[in-house]
Amino acid sequence: MSQSGRRPVFVKVKSKSTSASSSLSSSSSQVLQGSASASDNNRETQQDGQQAQASSTSERDSFKRTTAIFEIGYRLKMKHHEVHTAITLYHRYMSSPSCQENNLSAKTVAVGCVFIAMKIEEVRHVRLRDAILCAYRVYYPGIPVLTDEGLYVSTRNSILEAESAILRALRFHVKVDCPQKYVLHQLLLYSNWIGATGQLPSLALSLARDAAHSRELCLNPRPERLAAACVYLAVKCLKLDVDAGPLAGMEWWKPLSFDGCEDELQRLSRQVMAVYSLE
């Protein structure tokens, strides 16, 4: 196919498909009460299984999309916190009610969030054209670089439309607090105790970066709590001897805990580890 006839990547998706749940509920109301309980239980079991499968599929799709944002950002030579801003905006928009109403494709939203993050973080060395070309290389690695001017203009217009829709949906709430800076701050607590000049900082920062793949971890826990969990998990993964030396007889994790117990650190650590099962 010639390049001039190629369809732009960043376009609106098709209209939402209607759910069959209303027809199921209307038909089930006609069933006698005595015989309905077994059918209802089977239906609930099936629905639970379908919801779990749909949730897993949604998480994997989200992982692929955030991975693409990471790659676009790194191709544009954006810094970690700048890419994190783009991913956080993506998660916020995809969780908003306007996501279904605006009917934009996920790729359009992803590039639109990168463009907004470039403005927020004042990434002056990158233009919108650069972002679009990088996105084409990421989404369509086997296709020649976009050169047709008409196709570029339509793609650019769709990104600008997405930018406006995203900002309206988020009500211009675009401030993002990156957990990586809290990781560095919390590591200072242990620099003299467990040798935070070795593998610990790089692993903790990598965990905090990869946690952005999860919408739950990116939006719900406060960034300082997520950072504490990443430091906690890094210590566990490296099997550091925290019970020796100055930490002997002490609960080493307490400076990381905000409520004085280990449960939240363990819960968030499990959520961070679950991200790697989506690869």
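Throughout what follows, the structure given in this document is the object of discussion.

Conventions we followed
Residues numbered from 1 in each chain as written. Predicted model: local features only at pLDDT ≥ 70, side-chain atom pairs only at ≥ 80, totals over all residues. Heavy atoms only, no water. Helix = DSSP H or I, 4+ residues; strand = E, 2+ residues; numbered from the N terminus. Expected span 1.5 Å × (residues − 1). Buried < 20%, exposed > 50% of the residue type's maximum accessible area, 1.4 Å probe, protein only. Contact = heavy atoms within 4.5 Å. Phe/Tyr/Trp six-rings, centres within 6.5 Å; stacked < 30°, edge-to-face > 60°. Lys NZ or Arg CZ within 6 Å of the ring centre and 35° of its normal. Salt bridge = Lys/Arg side-chain N within 4 Å of Asp/Glu carboxyl O. Axes fitted to C-alpha atoms, helices over the stretch in contact; angles between N-to-C directions. Left-handed = near helix turned anticlockwise from the far one by under 90°. Nonpolar A, V, L, I, M, F, W, Y, C, P; charged D, E, K, R; others polar. Core = buried A, V, L, I, M, F, W, Y, C linked by side-chain atoms within 4.5 Å.

### What to know about helix α11 (residues 223-238)
Thought 1: Its 16 residues give α11 an end-to-end C-alpha distance of 22 Å, which sits within 8% of 22 Å, the value for a rise of 1.5 Å per residue.
Thought 2: With twelve of 16 residues buried, α11 is to be regarded as a mostly interior element.
Thought 3: Those residues of α11 that sit buried are Pro-223, Glu-224, Leu-226, Ala-227, Ala-228, Ala-229, Cys-230, Val-231, Tyr-232, Leu-233, Ala-234 and Val-235.
Thought 4: Considering only its buried residues, α11 is in contact with α8 (179-187), α9 (199-210), α10 (215-219) and α12 (263-275).
Thought 5: Backbone geometry just after α11 places Lys-239 at a positive phi near 55°.

### Describing the packing of aromatic side chains
Thought 1: Enumeration according to the criterion identifies one aromatic pair in this entry.
Thought 2: Here the aromatic rings of Phe-70 and Tyr-74 are separated by 5.8 Å at their centres, their planes lie at 35°, and the arrangement is tilted. Highlighted residues: Phe-70 and Tyr-74, both in helix α2 (residues 33-75), separated by four residues, approximately one helical turn.
Thought 3: Given a relative accessible area of 8%, Phe-70 falls into the buried group.
Thought 4: The residue whose ring lies beneath Arg-129 is Tyr-152, and the NZ or CZ to ring-centre distance is 4.1 Å.

### A look at the side chain of Glu-264
Thought 1: With respect to the helices, strands and loops of the structure, Glu-264 is situated in helix α12.
Thought 2: Ignoring anything within four residues of it in the chain, the contact list for Glu-264 reads Arg-225 and Asp-259.

### A look at the pattern of salt bridges
Think of it this way: side chains of opposite charge can pair up when their charged atoms draw near.
Thought 1: Throughout the structure, instances matching the rule amount to nine salt bridges.
Thought 2: Here Arg-75 and Glu-71 are joined by a salt bridge, their closest N and O atoms 3.3 Å apart. Of this pair, Arg-75 and Glu-71 both sit in helix α2, separated by four residues, roughly a single helical turn.
Thought 3: For Glu-71, a relative accessible area of 34% puts it in the partly exposed group.
Thought 4: The salt bridge partner of Asp-130 is Arg-127, with a shortest N-O separation of 3.5 Å.
Thought 5: Judged by its relative accessible area of 23%, Asp-130 falls in the partly exposed class.

### Describing unusual backbone geometry
Thought 1: A positive phi is found at Lys-77, a non-glycine position, where the angle reads about 60°.
Thought 2: Tracing the backbone shows Lys-77 in the loop between α2 and α3 (80-94).
Thought 3: Backbone geometry at Phe-172 places phi at a positive 60°, although glycine is not the residue there.
Thought 4: Its place among the elements puts Phe-172 in the loop between α7 (149-169) and α8.

### Focus: the packing of helix α5 (residues 106-120) against helix α6 (residues 128-139)
Thought 1: Packing of α5 against α6 brings their axes to within 10 Å, and their N-to-C directions diverge by 140°. Here the hand of the crossing between α5 and α6 comes out right-handed. Packed against α5, whose contacting residues are Lys-107, Ala-110, Val-111, Phe-115 and Met-118, the element α6 presents Leu-128, Ala-131, Ala-135 and Tyr-139 at the interface.
Thought 2: Within the contact of α5 with α6, the residues separate by chemical class into eight nonpolar, no polar and one charged.

### Focus: the nonpolar core
Thought 1: Counting residues in hydrophobic clusters, the biggest one holds 49 residues, and the most contacted among them are Ile-72, Leu-76, Tyr-90, Tyr-93, Val-109, Val-114 and Met-118.
Thought 2: Counting only elements with at least two residues in this core, the list comes to α2, α3, α5, α6 and α7.
Thought 3: In terms of residues, this core owes the most to one element, α5, which gives ten residues.
Thought 4: Among all residues touching Val-109, those that are not within four sequence positions of it are Tyr-90, Tyr-93, Met-94, Leu-104 and Ile-166.
Thought 5: Core analysis: the next-biggest nonpolar cluster, separate from the first, contains 29 residues, Val-183, Ala-208, Ala-211 and Leu-268 among them.

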